[in-house]
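The chain contents come next:
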Amino acid sequence: MSSLPYPSKQSSASDHRLNYQSTSLSYNHEIQATLGVKTVAPPSSSRGGGEGAATDHNGVFLTWEDLWVTVSIGKKGSKSILQGLTGYAQPGELLAIMGPSGCGKSTLLDTLAGRLGSNTRQTGDILINGHKQRLAYGTSAYVTQDETLITTLTVKEAVYYSAQLQLPDSMSRAEKKERAEVTIREMGLQDAMNTRIGGWGSKGLSGGQKRRVSICIEILTHPKLLFLDEPTSGLDSAASYHVMSRIVRFDRKDENRRTVIASIHQPSGEVFQLFDSLCLLSAGKVVYFGPASQANEFFALNGFPCPTLQNPSDHFLKTINKDFETVPEQGLEDAITAEVAINTLTKAYKSSDHYQQVKRLVTEICEKDCGTLEERSHSNFLTQCLVLTRRSFVNMYRDLGYYWLRVAIYVSLALGLATLFYNLGSDNDSIQDRGSLLMFIASFLTFMTIGGFPSFVEDMKVFERERLNGHYGATAFVFGNTFSAFPYLLLISVIPGAITYYLPGLHKGYEHFIYFILVLFACMMLVESLMMTVASMVPNFLMGIITGAGIQAFMVLGGGFFRLPNDLPQPFWKYPMYYIAFHKYAYQGLFKNEFEGLTFPSNQAGEPRTIPGEQILRDRWQVEMGVSKWVDLAILLGMVVLYRILFLVIIKTTEKIKPIITAIVSVPPKQTTQIMEIPLTTPSHGDQSVV
Ligand SMILES: Nc1ncnc2c1ncn2[C@@H]1O[C@H](COP(=O)(O)OP(=O)(O)OP(=O)(O)O)[C@@H](O)[C@H]1O
């Protein structure tokens, strides 16, 4: 990295101010030199790019040109969030995106990282090393604003599991462990290594510490392109400086120098010095894009000098924040509205050398072929499955709401059932009681598996973050989740199952009991798999629970107990509901298991003195006798696999289809109705705001 025009880290605040104000009108000389661009201004000692930035073919050049993002707001039309942004980020540099709250910082990061929501439309070119490439899923790392971490793990475990998943198998376990520990120390978390992350209900790390854990996890692999959304939120100024300086240091020490883009709210003077480039946004427009060191001069030249002893970044944000009417530095008499200040600055920027230079650099970078972006190498599929199974098992063990609460409730409910149906005996009345008991177990006991859904949704959030960052694939997640749940579901099936089986006195014989447990287990797995599929389609857990409960209620009704199979109305309930509902196979399997081989006394005159169980199955419960109970169990297990495959298909299809749909629905924003404030001054030539 070239020498810096900034004071050393130990220099005083007043030195910093002096340095902010003594910047020259130069641009990033080195990058221009290596790209063969003629400088229009005298070269400075700007630290951006550094020698070899453009020749570093391992690095990532990201450019965006005339980038518009609009969001649909129903019948009112659409609203522009980003308006014609052009800029670039390059290896070895930290680009800071700053601006008032709601100006579009996160949207810009999401757009660049290829993570815009489905209700948004995007136009403009985003190129990586001069090529159009997809960024999500493994090519970059993104630390989002909200912490989605596994709250039951300690810091050390969270980072180490992540290292095992992300780092290639060519690294030994010891090396991975060491990388994890070094990264934790770099983020100043050594004292919290063995503290659980914590979430609602269990306090663990502070918000700032969680932020640092998120950063640790994403910088473990030294990604070439790193997006950070508000990495310093929740941190005090000293911690902010240390975190940012470590990101920058990592970045510059690394052979494959990293391109870092961070949105940041209110950097201290020291943190501001770490920025190479600054993108200042207001209401979706660029107010300034260029070397951070020259922003102060730009503001001063355009009538907004930074008052003495004020942190320049505070001054920038105050000047362009139109949420609070006036620019604070002006007296009340000559108060300038922030709207006017923003218009003045955006117009000044559009006609400045800075803008011309940015456009020229973007063109130069786009013409330079620096190769396509490769996906990072990972641990292999088997390692991923093993690590995910272990991690998920530990989480399920420690999260009381995942399975333990259900075990307790199942046991009490089983005791309730056992006392209600205690010692059924073998008289004729016990036929109905056995049927009711088995129906309740297959329907409502399994229905309660839905209780684990909120915990599963938390898992899904972690999965979505990790999947987008390319830590592992969806298939490994499904395997991990399935295998880790096995022991708990078996436990939930065996203990309450034994209580409800033996105390009422169901069909004696251990082989009948084992079949009963297997059906119970398959039903629990099925409900979990069904809920997994639901979770991949609905946006939050409340909607998921309601949807899942609704689907199951229909299945229970159509399962052939409340209305016997021959009485089910044809169009919907018999075809297809009866065959889709897993309850049909559960009821029939359990009924065959219970009644086959038993005899019951008849209480009707004219009938034989005893009725065989098979006849009861056929005549009373209308069970399909041509099919063995084992076939019913096999169908249940097949459905488990089917639902899990369905989950995978939905996830993978969404990944593939979503960008295509986004591309199809992306119409140029200028053709849409725009809901925007009317600027106080007429936009200059080239200002693309649309009223
Ligand atoms: N998907 C969306 N649907 C509707 N509005 C959106 C969407 N995404 C962003 N917005 C709106 O766009 C504006 C910019 O949002 P964004 O999150 O990018 O701002 P920000 O600068 O990151 O804010 P903050 O600093 O407070 O996090 C906000 O008014 C937000 O409500």
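Residues numbered from 1 in each chain as written. Predicted model: local features only at pLDDT ≥ 70, side-chain atom pairs only at ≥ 80, totals over all residues. Heavy atoms only, no water.

The protein chain appears in an unreviewed UniProt entry as ABC transporter G family member 11-like from Populus euphratica. For the record of the protein chain, the UniProt heading Subcellular location (unreviewed entry) holds the text "Membrane". What the UniProt record of the protein chain gives under Sequence similarities (unreviewed entry) is the line "Belongs to the ABC transporter superfamily. ABCG family. Eye pigment precursor importer (TC 3.A.1.204) subfamily." (UniProt positions renumbered as here; feature names shortened; annotations may be inferred.)

Engineer: Just to check I follow, could you spell out the overall build of the protein chain for this structure?
Structural biologist: For the protein chain, the count of helices and strands is 23 helices and 11 strands. Counting the 691 residues in the protein chain, one finds 55% classified as buried. Counting only contacts in the protein chain whose residues sit at least 6 apart along the sequence, the fraction spanning at least 24 positions is 74%. Accessible surface, the protein chain as shown: approximately 28900 Å² in total, 59% of it carbon and sulfur. (Helix = DSSP H or I, 4+ residues; strand = E, 2+ residues; numbered from the N terminus. Buried < 20%, exposed > 50% of the residue type's maximum accessible area, 1.4 Å probe, protein only. Contact = heavy atoms within 4.5 Å. Areas by Shrake-Rupley, 256 points an atom, 1.4 Å probe, with all protein chains shown as cover.)

Engineer: Could you clarify how one ought to interpret the UniProt feature "transmembrane region" (unreviewed entry) in the protein chain in this entry?
Structural biologist: Following the UniProt record, the feature "transmembrane region" (unreviewed entry) maps to residues 403-425, 437-457, 477-501, 513-535, 541-564 and 630-651 here. Helix makes up 100% of residues 513-535 and strand 0%, and the two end C-alpha atoms of the span are 33 Å apart. Secondary structure across residues 630-651 divides into 100% helix and 0% strand, with the first and last C-alpha atoms of the span separated by 32 Å.

Engineer: Which parts of the structure should I look at to understand the packing of aromatic side chains?
Structural biologist: Ring pairs (aromatic) are described by centroid distance and by the angle formed between their planes. Evaluation of the coordinates by the stated rule reveals 42 aromatic pairs. Taken together, a centroid distance of 5.8 Å and an interplanar angle of 85° make the contact between W404 and Y488 edge-to-face. Here W404 is found in helix α14 (residues 400-420), whereas its partner Y488 is found in helix α17 (residues 474-502), with 84 residues between them in sequence. Owing to a relative accessible area of 29%, W404 belongs among the partly exposed residues under this scheme. Members of the aromatic cluster, each reached through a chain of ring pairs, are F272, F275, Y288, F298, F299, F316, Y349 and Y355. One Lys or Arg, K177, reaches over the ring of Y160 and ends 5.3 Å from the middle of that ring. Of note, K629 hangs over the ring of Y515, and the distance from its end group to the ring centre comes to 4.8 Å. (Phe/Tyr/Trp six-rings, centres within 6.5 Å; stacked < 30°, edge-to-face > 60°. Lys NZ or Arg CZ within 6 Å of the ring centre and 35° of its normal.)

Engineer: Sorry if this is basic, but what is going on with a nonpolar patch on the surface here?
Structural biologist: Where nonpolar side chains cluster on the molecular surface, the patch consists of F381, F479, F483 and F486 and spans about 370 Å² of accessible area. Among the elements that make up the nonpolar patch, the one with the highest residue count is α17 (three residues). Among the secondary structure elements, F479 is positioned in helix α17. Residue class for F479 comes out partly exposed when judged on its relative accessible area of 35%. (Patch = residues over 30% accessible without salt bridge, like charges linked within 9 Å, V, L, I, M, F, W, Y side chains within 5 Å. Salt bridge = Lys/Arg side-chain N within 4 Å of Asp/Glu carboxyl O.)

Engineer: It is not clear to me how the pairing of strand β8 (residues 277-282) should be interpreted in this structure. Could you clarify?
Structural biologist: Side-chain direction in a regular strand flips from residue to residue, so the side chains alternate between the two faces of the sheet. Burial of β8 is extensive: six of the six residues sit out of reach of the surface. What you see with β8 is no split at all: S277, C279 and L281 on one side and L278, L280 and S282 on the other are buried throughout. Here strand β3 (residues 94-98) pairs with β8 via four bridges, running parallel. Note that in β8 the partner of A96 across the bridge is L278. Inspection of the sheet shows β8 paired to strand β9 (residues 285-291) by six bridges, in the antiparallel sense. When the bridges of β9 are listed, C279 appears paired with F289. Counted between consecutive antiparallel strands, the loop separating β8 from β9 contains two residues, among which A283 sits at a positive phi close to 45°. (Pairing = 2+ DSSP bridges.)

Engineer: Is there a simple way to think about the packing of α14 against α17 in this case?
Structural biologist: When two helices pack together, their arrangement is given by the angle between the helix axes and the distance between those axes. For the pair α14 and α17, the least separation of the axes is 8 Å and the interaxial angle reads 20°. Here α14 lies roughly parallel to α17, going by the angle between them. Every pair of crossing elements has a handedness; the one defined by α14 and α17 is right-handed. Contacts between α14 and α17 involve Y402, Y403, W404, R406, V407, Y410, V411, A414, L415, L417 and A418 from the first element and N481, A485, Y488, L489, L491, I492, I495, P496, I499 and T500 from the second. Looking at the contact of α14 with α17, its residues break down into 18 nonpolar, two polar and one charged. (Axes fitted to C-alpha atoms, helices over the stretch in contact; angles between N-to-C directions. Parallel < 35°, antiparallel > 145°, perpendicular 65-115°, else oblique. Left-handed = near helix turned anticlockwise from the far one by under 90°. Nonpolar A, V, L, I, M, F, W, Y, C, P; charged D, E, K, R; others polar.)

Engineer: In this structure, what is going on with the site of the ligand? I would like to understand it.
Structural biologist: S101, K105, S106, T107 and H265 are the nearest of the 16 residues found near the ligand. In the environment of the ligand, an oxygen atom lies 3.2 Å from a nitrogen or oxygen atom belonging to the backbone of C103. G104 is positioned with one of its backbone polar atoms (N or O) 3.0 Å from an oxygen atom of the ligand. Elements supplying a minimum of two residues to the shell around the ligand: β2 (78-89) and α3 (105-112). Sorting elements by how many residues they give to the shell around the ligand places α3 first, with three residues. Residue composition of the shell around the ligand, grouped by class: four nonpolar, nine polar and three charged. (Near = heavy atom within 4 Å. Polar contact = N/O pair within 3.5 Å; in protein donor to acceptor, adjacent residues only side chain to side chain.)

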